[in-house]
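The chain contents come next:
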Amino acid sequence: MNDPLENLTANQKKVYAALLQGGTPVKAYDLLDLLKHSGVRAPMTVYRALSELEDRGLVIRVEGTKAYLAIDTLADGTDLIVLFICQRCSSARSHSSPKLRDLVHRIRDIAGDIDFALEPGRAEIYGTCAGCRAGSPS
Ligand SMILES: [Zn+2]
């Protein structure tokens, strides 16, 4: 398997690092704000970097909010990303854990039982985050 981080440009690395650091979805323009001080000033630069990172599976776009979330695929070791999305504040988290890896393997098993080939992708699970349940969005 190719290393998805191989040959990233400096700007792509900056965008990915900024997203990974936050751990929550960030909109492209907010990303631009975050990166201004590190020399990334043009919206097109951010969009191009996001597009390449998406192609490599390092970043996904959360449809409802048009925000981008970094995926730590190397830590996860799976090509099925599970996203937990808050219906109230639209925050989204991906989560890697042995439990989740087990779940993905089971889904793969079930798919195999019905002769169904899974594509790399994501499962979106909707609910309410802790912050919203406590009365303020996280
Ligand atoms: Zn919430």
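For the structure itself, consult the block above.
Every value quoted in this text rests on a predicted model; they were computed, and no experiment measured them.

A. Fine view of the environment of Thr9. Following the sequence through the fold, Thr9 ends up in the segment before helix H1 (10-22). When the C-alpha atoms of Thr9 and Glu52 are compared, they prove to be 9.9 Å apart, with 43 residues separating the residues in sequence.

B. Representation of the pairing of strand E3 (residues 67-70) in the model. What you see with E3 is no split at all: Ala67 and Leu69 on one side and Tyr68 and Ala70 on the other are buried throughout. Examined bridge by bridge, strand E1 (residues 26-27) and E3 share two bridges and lie antiparallel to one another. Counterpart to Lys27 in the pairing with E3 is Ala67. Pairing of strand E2 (residues 59-62) with E3 involves four bridges; the strand directions are antiparallel. Note that in E3 the partner of Arg61 across the bridge is Tyr68.

C. Region of the structure containing the sheet that holds strand E5 (residues 92-94). The strand order across the open sheet built from three strands is E5-E4-E6, with neighbouring strands paired in mixed fashion. On the outer flanks of this sheet lie E5 and strand E6 (121-127), each paired with one strand and no other. Strand-to-strand twist in this sheet, taken as the mean axis angle between neighbours without regard to direction, amounts to 25°. The sheet contact formed by strand E4 (residues 80-86) and E5 spans three bridges and is antiparallel. Bridge pairing in E5 places Leu83 opposite Ser94.

D. Spotlight on the nonpolar core. With 23 residues, the main nonpolar core has Val15, Leu19, Val59 and Leu69 as its most contacted residues. At the level of secondary structure, the elements contributing two or more residues to this core comprise H1, helix H3 (43-55), E2, E3 and E4. Two domains each provide a minimum of three residues to this core, namely domain 1 (10-71) and domain 2 (74-128). Those residues in contact with Val15, other than ones at most four positions away along the chain, are Leu31, Leu35, Val46, Ala49, Leu50 and Leu53.

E. Layout of the pairing of E6. Little of E6 is tucked away: zero of the seven residues are buried. Sheet topology note: the E4/E6 ladder contains seven bridges and is parallel. Counted as the bridge partner of Phe84 is Ile125 from E6.

F. Seen up close, helix H5 (residues 98-113). Given a rise of 1.5 Å per residue, 16 residues ought to cover 22 Å, and the 23 Å separating the end C-alpha atoms of H5 matches this to within 8%. In terms of burial, H5 is largely open, as just zero of its 16 residues are buried. Of the residues trailing H5, Asp115 is marked for its positive phi of about 55°.

Reading guide: rules and limits
- Residues numbered from 1 in each chain as written.
- Predicted model: local features only at pLDDT ≥ 70, side-chain atom pairs only at ≥ 80, totals over all residues.
- Helix = DSSP H or I, 4+ residues; strand = E, 2+ residues; numbered from the N terminus.
- Buried ≥ 20, exposed ≤ 12 C-beta atoms within 10 Å, placed from the backbone.
- Pairing = 2+ DSSP bridges.
- Axes fitted to C-alpha atoms, helices over the stretch in contact; angles between N-to-C directions.
- Core = buried A, V, L, I, M, F, W, Y, C linked by C-beta atoms within 7 Å.
- Domains from an automatic or database assignment.
- Contact = placed C-beta atoms within 7 Å.
- Expected span 1.5 Å × (residues − 1).

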